[in-house]
Every structure is written in structure tokens, then in C-alpha cells.
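# Geometric and topological summary
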There are 2 protein chains.
Amino acid sequence: MFPRRPDDMPECGPPACSVEDVIDRVGSKWSVSILLVASDGPVRFSGLERAIPGISRRMLTLTLRNLERDGLVVRTIFPTVPPRVEYSLTPMAVELQAALVALAGWARLHRGDIADARARYDERPG
Amino acid sequence: MFPRRPDDMPECGPPACSVEDVIDRVGSKWSVSILLVASDGPVRFSGLERAIPGISRRMLTLTLRNLERDGLVVRTIFPTVPPRVEYSLTPMAVELQAALVALAGWARLHRGDIADARARYDERPG
DNA sequence: CGGGATCCACCAGGATACTG
DNA sequence: CAGTATCCTGGTGGATCCCG
């Protein structure tokens with residue numbers, strides 16, 4: 001996730017750079033939340049703020065900028081009063097949803113397993 | 001990723017807590033690298049160190065402990081001299097690989113798109 | 001409404017040295 | 001070989017105030 005890969009470093013290298021690159025892009029604290037809220041259609045800034053409990057204005061702005069920079073969301077400004085800004089997913093981000101759904105499926109399947117593993121680990125003898 | 005969800009917070013909540021939980025677990029800087037190296041079979045500490053350029057002993061140990069705690073890797077100690085420790089993936093982690101492969105596929109497909117988006121964003125007028 | 005600017009705390013993570 | 005212990009820093013992310 002952040003920190004982002006410096007520009008003077010190679011784009012890719014073994015092992016398994018690809019997945020790590022994705023994690024670099026959607027691994028920040030709020031990225032996935034934003035992408036999933038926006039998957040229901042264009043969202044406004046305040047809508048995201050309401051839909052994602054706990055996010056600060058600053059982090060919402062920063063994360064949106066990063067997603068926009070990476071070409072995952074598009075920012076559309078309507079020059080009205082009061083100003084209105086909508087964020088929508090790019091086709092690329094829509095394709096990403098499938099992979100995220102796979103992750104979510106895995107998480108749902110193994111939620112109990114992980115909880116059990118942690119409980120056992122915490123009560124380890126020693 | 002880290003910081004991990006505090007124990008006094010609910011395990012899950014809208015929106016899309018599941019994916020975020022996964023990111024919390026495999027989103028740390030080296031987690032995915034370790035999982036992918038270990039997917040080829042049991043690996044030793046020094047093997048991981050060699051296979052993952054740039055990782056420090058400390059972070060290798062810490063990340064392995066977290067993966068073990070979450071039930072994603074198993075640590076097997078052989079009481080020989082010199083000591084020998086092997087790390088292998090649990091079935092749960094093997095299933096995760098499929099989801100990670102989906103992510104990698106998306107990354108491979110859109111590597112150029114993202115690079116282009118970033119280049120365009122950096123040379124934006126304004 | 002939709003941010004930007006600023007200050008600050010915390011902690012992930014690196015470097016190094018030491019141990020069984 | 002496979003770690004642990006300690007110190008340190010950079011940057012993520014929170015809180016707050018201000019602006020067009």
C-alpha cells in the first residue's frame with residue numbers, strides 16, 4: 001500500500017510483483033471501501049462520507065485522489081451552486097471488482113477458521 | 001493492513017467488511033511475497049530471506065508470526081543441529097492463492113493502463 | 001458542498017547487534 | 001541457522017481550521 005513505489009524503481013520484479021502492485025494500489029486503509037461503495041453507481045463526496053463510517057475528510061480526499069491518479073475512479077464536477085462532484089468507477093475498476101469478490105468469498109468461507117486460529121494462537125502454551 | 005483491527009471493535013460491519021479483513025491480513029508489505037514463495041512447498045527461514053530481496057530479518061519474522069497467528073502458515077521445528085524450521089501453507093492459505101491469482105491477472109491485464117493513467121495525471125494541465 | 005492546509009501522534013518497517 | 005532486542009525514522013492517517 002502506501003508508501004508507493006518510488007518512480008526510479010523498476011515496475012516489477014520477482015517474486016510475484018503483480019499481486020504486490022495491486023496491494024500497493026488498493027491496500028490503503030480506505031481504498032476498498034470507496035471502490036465498493038462506488039460500485040453501486042456514481043457517488044458524491046458526502047455520500048461516501050456517510051457510507052464509510054470513521055473515514056476523515058482528509059483521508060477520503062487523499063484516497064480518492066490516489067484512485068483517480070491510478071485511473072480507477074473518475075471525478076466529474078458539475079458547475080452548480082452548491083458545487084456537486086461525482087465519483088464513478090472506470091471500466092478497469094469494474095473488472096477489479098470480480099477479483100475483490102473472490103477475496104470476499106474466501107473471507108466469508110474462512111472467517112470462523114481465522115478467528116479460531118487466532119484464539120488458539122493467543123492461548124498457546126508458552 | 002497493519003494496524004490491525006483492535007480487539008474491541010466489531011469483527012465486521014458494512015460496507016464490505018470482508019474484503020477489508022483480507023486486506024488487513026495480507027496487505028502488509030511482505031505478506032503476499034511470503035505466501036507466494038511458500039506456495040511452492042515448505043520453505044525455510046533462510047530460503048525466504050533469499051527468495052525475497054530486500055526483506056529484513058525482523059520483518060520476515062514479524063510477518064511470519066502474523067501469518068501463523070491467522071492460521072495461514074504452519075511453523076514446523078526440526079530439533080536438529082543446526083536448528084531447522086520449515087514454513088508451509090495451510091489449506092486455507094492454498095485456497096487464498098486462487099483469489100490472489102485473480103488479482104495478479106487483473107494487474108497483468110491493466111499494468112499499462114495504470115501506468116498511462118498515472119502519466120496523464122502527472123502531466124495534467126493545472 | 002467539497003474540499004485544501006496545517007499540525008501532530010503513532011506505528012510499520014529498516015539497520016544493527018546479539019543469542020541459542 | 002533462526003531468530004530476538006533495541007533504536008530510529010518516515011509516512012500514514014487523525015483532528016482541526018479555513019476557503020470558494
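The structure contained in this document is the topic of the report that follows. (Residues numbered from 1 in each chain as written. Chains lettered and ligands numbered in written order. Predicted model: local features only at pLDDT ≥ 70, side-chain atom pairs only at ≥ 80, totals over all residues. Heavy atoms only, no water.)

On to helix 2 (residues 31–38) of chain A. A large share of helix 2 of chain A lies buried, amounting to 8 of its 8 residues. Turning to helix 2 of chain A, its buried residues number three or more, namely Ser 31, Val 32, Ser 33, Ile 34, Leu 35, Leu 36, Val 37 and Ala 38 of chain A. (Buried < 20%, exposed > 50% of the residue type's maximum accessible area, 1.4 Å probe, protein only. Helix = DSSP H or I, 4+ residues; strand = E, 2+ residues; numbered from the N terminus.)

Now for the relation of the copies chain B and chain A. Two copies of one chain are present, and they are related through a rotation about an axis combined with an axial shift. Relative to chain A, chain B is turned by 180° and slid 0.0 Å along the rotation axis, the superposed coordinates differing by an RMSD of 0.1 Å. Considering both components of the superposition, the chain copies are consistent with a two-fold axis. When C-alpha distances to the rotation axis are compared across chain B, the minimum falls at Gly 27 of chain B, with a value of 2.8 Å. Mapped onto chain A, 100% of the interface residues of chain B are again interface residues, and the two copies thus contact each other with one and the same surface. (Least-squares fit on C-alpha atoms with pLDDT ≥ 70 in both. Contact = heavy atoms within 4.5 Å.)

Turning next to the interface of chain B and chain A. At the interface, 49 residues of chain B touch 49 residues of chain A. Counting each side, the surface lost to burial between chain B and chain A is near 4,400 Å², with a carbon and sulfur contribution of 68%. Considering only the side of chain B, the residues that lose the most area to chain A are Arg 69, Trp 106 and Arg 118 of chain B, jointly responsible for 16% of the buried surface there. Summed over the shared surface of chain B and chain A, the result is 6 salt bridges. A salt bridge links Asp 122 of chain B to Arg 69 of chain A, with the shortest nitrogen-to-oxygen separation between them at 2.9 Å. At the junction of chain B with chain A, the criterion picks out 14 residue pairs in polar contact (both at pLDDT 80 or more). Taken together, the elements giving at least two residues each to the side of chain B that touches chain A come down to helix 1 (17–26), helix 2 (31–38), helix 4 (57–69) and helix 5 (91–122) of chain B. With 19 residues, the top contributor of residues to the side of chain B that touches chain A is helix 5 of chain B. Residue composition of the side of chain B that touches chain A, grouped by class: 29 nonpolar, 6 polar and 14 charged. (Buried area = accessible area lost by both parts, 1.4 Å probe. Salt bridge = Lys/Arg side-chain N within 4 Å of Asp/Glu carboxyl O. Polar contact = N/O pair within 3.5 Å; in protein donor to acceptor, adjacent residues only side chain to side chain. Nonpolar A, V, L, I, M, F, W, Y, C, P; charged D, E, K, R; others polar.)

Here we come to the protein's contact with DNA strand C. Thr 61, Arg 75 and Tyr 87 of chain A together with Arg 58 and Met 59 of chain B are the nearest of the 21 residues found near DNA strand C. Counting only atoms of DNA strand C within 4 Å of the protein, the sugar-phosphate share comes to 67%. Between DNA strand C and Arg 44 of chain A, the relevant distance is 2.9 Å, taken from a phosphate oxygen to a side-chain nitrogen or oxygen of the residue. Between Arg 57 of chain A and DNA strand C, the recorded distance is 3.4 Å, taken from a side-chain N or O atom to a base nitrogen. Counting residues per element, the ones that place at least two in the surface near DNA strand C are helix 3 (45–51), helix 4 (57–69) and strand 3 (84–89) of chain A together with helix 4 of chain B. The greatest single-element share of the surface near DNA strand C, amounting to 4 residues, is contributed by helix 4 of chain A. Grouping the constituent residues of the surface near DNA strand C by class yields 10 nonpolar, 3 polar and 8 charged. (Near = heavy atom within 4 Å.)

A few words now on the packing of aromatic side chains. In the structure shown here, the tally under the stated rule is 0 aromatic pairs over all chains. The positively charged end of Arg 84 of chain A is found above the aromatic ring belonging to Phe 78 of chain A, 5.5 Å away from the centroid. (Phe/Tyr/Trp six-rings, centres within 6.5 Å; stacked < 30°, edge-to-face > 60°. Lys NZ or Arg CZ within 6 Å of the ring centre and 35° of its normal.)

Moving on to helix 4 of chain A. Residue and element names in this part refer to chain A. The end-to-end C-alpha distance of helix 4 is 18 Å, a good match for the 18 Å that 13 residues give at a rise of 1.5 Å each. Inspection of helix 4 places Leu 60, Thr 63, Leu 64, Asn 66, Leu 67 and Arg 69 among the buried residues, and these make up the whole buried set. Following helix 4 by one or two positions, Gly 71 has its phi on the positive side, about 75°. (Expected span 1.5 Å × (residues − 1).)

Near DNA strand D you find 21 residues, and of these Arg 58 and Met 59 of chain A together with Thr 61, Arg 75 and Tyr 87 of chain B are the closest. The sugar and phosphate moieties of DNA strand D supply 62% of its atoms located within 4 Å of the protein. Within the side chain of Arg 44 of chain B, an N or O atom sits 2.8 Å from a phosphate oxygen of DNA strand D. The separation between a phosphate oxygen of DNA strand D and a polar side-chain atom of Arg 65 of chain B is 3.2 Å. Mapped by element, the contributors of at least two residues to the surface near DNA strand D are helix 4 of chain A together with helix 3 (45–51), helix 4 and strand 3 (84–89) of chain B. In terms of residue count, helix 4 of chain B provides more of the surface near DNA strand D than any other element does, 4 residues in total. Classifying every residue of the surface near DNA strand D gives 10 nonpolar, 3 polar and 8 charged.

As a further point, take the sheet that holds strand 3 of chain B. What holds strands together in a sheet is hydrogen bonding between their backbones, with the strands either parallel or antiparallel. All names here are of chain B. In spatial order, the strands read 1-3-2; together these 3 strands make up an open sheet with antiparallel pairing. The open sheet has two edge strands with one neighbour each: strand 1 (43–44) and strand 2 (73–78). Pairing of strand 1 with strand 3, which is carried by 2 bridges, proceeds in the antiparallel orientation. Within strand 3, the position partnered with Arg 44 by the bridge is Glu 86. Across the sheet, helix 4 lies against strand 2 and strand 3, angled at about 110° from strand 2, the strand it touches most. (Pairing = 2+ DSSP bridges. Axes fitted to C-alpha atoms, helices over the stretch in contact; angles between N-to-C directions.)

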